[in-house]
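What follows is the residue order along each chain.
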Amino acid sequence: MSGASENFKLLQRAFVEVMNEKAQAALLEYPENPVYSNKHLHAMKRILSGKDKYLHAVSEIRFKKRFIAVLIAAAVLLVGGITVYAKRDVVTAFFEQVYESFTRIFYQTNQDEETSVPETIEEERIPVYLPDGFVLQEYESSMAHIRIAWKKEEQSIVFEQGTIADIHYLDNEHGEKTILTVDNRTVYVQKTVDEASYLWTDDEYTYLLSCTDTLTFDEVSKMIQSMPKGK
Amino acid sequence: MLEFLLTLVDENDRHKVEEIYRKYHEIMYKAALAELSSKPNASYKAEEAVQNAFIRIINYFEKIRFTEDERTLKAFFISIVIREANRLYRKKEHISLEELQEKLQEEIRSDEDFVEKLCIKEDYERVKKAIFQLNSQYQAVLFQYFVEEKDGPEIAALFDMKLSTVHTTIWRGKEKLLKILKEETCGEWGK
């Protein structure tokens, strides 16, 4: 073995030992069994199942919030808690009045119908098709909501699946609103100067797809069409 | 569900990842926790670092050298997680193109000189102690560079770093290591 090669191997050994000693020191510093959060265990389960290959540091990406948060309390009142239709109508009217000034698109399933809709997300229905070059940046899921974000350079796509109890409000102050049909789905579209939002339902879940305006409607249609259909 | 994300098609690979999880998850978490102990919400951040580390491991799975030497493999995973832990609080560094080219030249011609200058054969423990004193960012990148023998682009891909940052980190890491040793007034090296 030459001197240089021997030196190099010793350096390699030193680095390996340093890393192992760091690990050993950490074990000594934290001898107790760690208690992981449920969120972590859930995330690890997903990662190990191979579903989150392209997921990168979640904390890196912060998408601009463009929609008013889902009004859980309102949803509970409107969907779950009220059995007397007349009362619900009053509450509905109240909320419609409150948000009339800045909302236009308001979707909920027809509550007069006796339909059985899932109160939690029992099946993920998310687009299988993804435009070229987009990489998964963020995945969040809870019992009643899934949010996935992809990014390609400066372009972004955010997809959300919620239960029927979710109420989505779109900003009415800016942009142009249209209603389109994609694959027999009625899709509410709102476009602003640089962004577009698509809102629809399959009577089991609600879906919201928002993206930068560089994504063509053809691509959005393909995404919507690639989603598993409900009953 | 999420078919387009499925990656580890090979069942053997999947089992291997699960085995890595079983064997190294806890130690990776604790190593990350030790790195982040002075930061707020250290335990949550450590979990995030571990998640990101596993994503990197899976993304880079095909290129991992599954050596028989368990200590080297463990060191590899530790280097990934400490890098991820530090990444959560990293600061951006800027470097000019001219400076980078200069450093690249320096790096290319000085790898052997660098190892020579360490005088590791003469005083192995002193060099090891100096490596310990490097910050984790340098340790992780230099580990990949010297132990895993990865080049700049490979390290950039593994750690999702800019190539220029990788080269700068290698160059600065080596400089710092020499500086630490020099400050310890070792004999004849560097003269």
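It should be noted that the structure appears before, not after, this text.
Residues numbered from 1 in each chain as written. Chains lettered and ligands numbered in written order. Predicted model: local features only at pLDDT ≥ 70, side-chain atom pairs only at ≥ 80, totals over all residues. Heavy atoms only, no water.

Turning to the pairing of strand β9 (residues 205-212) of chain A, a few remarks are in order. All names here are of chain A. Within β9, eight of the eight residues are buried, which leaves it mostly tucked inside the rest of the structure. In this structure, strand β4 (residues 155-163) lies alongside β9, joined through seven bridges in antiparallel fashion. In the strand pairing of β9, Thr163 is matched with Tyr205. In textbook terms, the turn of a hairpin is the stretch between consecutive antiparallel strands, and for strand β8 (residues 195-201) and β9 this stretch comprises three residues, one of which, Asp203, has a positive phi near 70°. (Buried < 20%, exposed > 50% of the residue type's maximum accessible area, 1.4 Å probe, protein only. Helix = DSSP H or I, 4+ residues; strand = E, 2+ residues; numbered from the N terminus. Pairing = 2+ DSSP bridges.)

This paragraph deals with the nonpolar core. Nonpolar side chains in soluble globular proteins tend to end up buried together. In terms of nonpolar packing, the biggest core is built from 74 residues, with Leu11 of chain A together with Met28, Val81 and Leu118 of chain B touching the most fellow members. When neighbours within four sequence positions are excluded, Leu118 of chain B is seen to be in contact with Leu11 of chain A together with Arg126, Val127, Leu177, Leu178 and Leu181 of chain B. Tyr207, Cys211, Leu215 and Val220 of chain A belong to the second-largest nonpolar core, a separate cluster that totals 26 residues. (Core = buried A, V, L, I, M, F, W, Y, C linked by side-chain atoms within 4.5 Å. Contact = heavy atoms within 4.5 Å.)

Residues and elements named next belong to chain A. The seven strands lie next to each other as β2-β3-β4-β9-β8-β7-β6, forming an open sheet whose pairing is antiparallel. For this open sheet the edge positions go to β2 (135-141) and β6 (176-182), each flanked by a neighbour on one side alone. Adjacent strand axes in the sheet meet at a mean angle of 15° when their direction is disregarded. As paired elements, β6 and strand β7 (residues 185-191) share seven bridges and run antiparallel to each other. (Axes fitted to C-alpha atoms, helices over the stretch in contact; angles between N-to-C directions.)

Residue and element names in this part refer to chain B. Between its first and last C-alpha, helix α6 (residues 136-147) extends 15 Å over 12 residues, near the 16 Å set by a 1.5 Å rise per residue. The buried fraction of α6 is high, at 12 of 12 residues. With a side-chain oxygen positioned 3.0 Å from the backbone nitrogen of Gln137, the residue opening α6 is Asn135. Of the residues trailing α6, Glu149 is marked for its positive phi of about 55°. (Expected span 1.5 Å × (residues − 1). Polar contact = N/O pair within 3.5 Å; in protein donor to acceptor, adjacent residues only side chain to side chain.)

Residue and element names in this part refer to chain B. The interhelical angle for the contact between helix α1 (residues 11-35) and helix α3 (residues 70-87), taken along N-to-C directions, is 45°, at an axis separation of 9 Å. In this view, α1 runs oblique relative to α3, as classed from their interaxial angle. The interaxial crossing formed by α1 with α3 has right-handed handedness. Residues Ile20, Lys23, Tyr24, Ile27, Met28, Ala31, Ala32 and Glu35 of α1 pack against Glu70, Leu73, Lys74, Phe77, Ile78, Val81, Ile82, Ala85 and Asn86 of α3. (Parallel < 35°, antiparallel > 145°, perpendicular 65-115°, else oblique. Left-handed = near helix turned anticlockwise from the far one by under 90°.)

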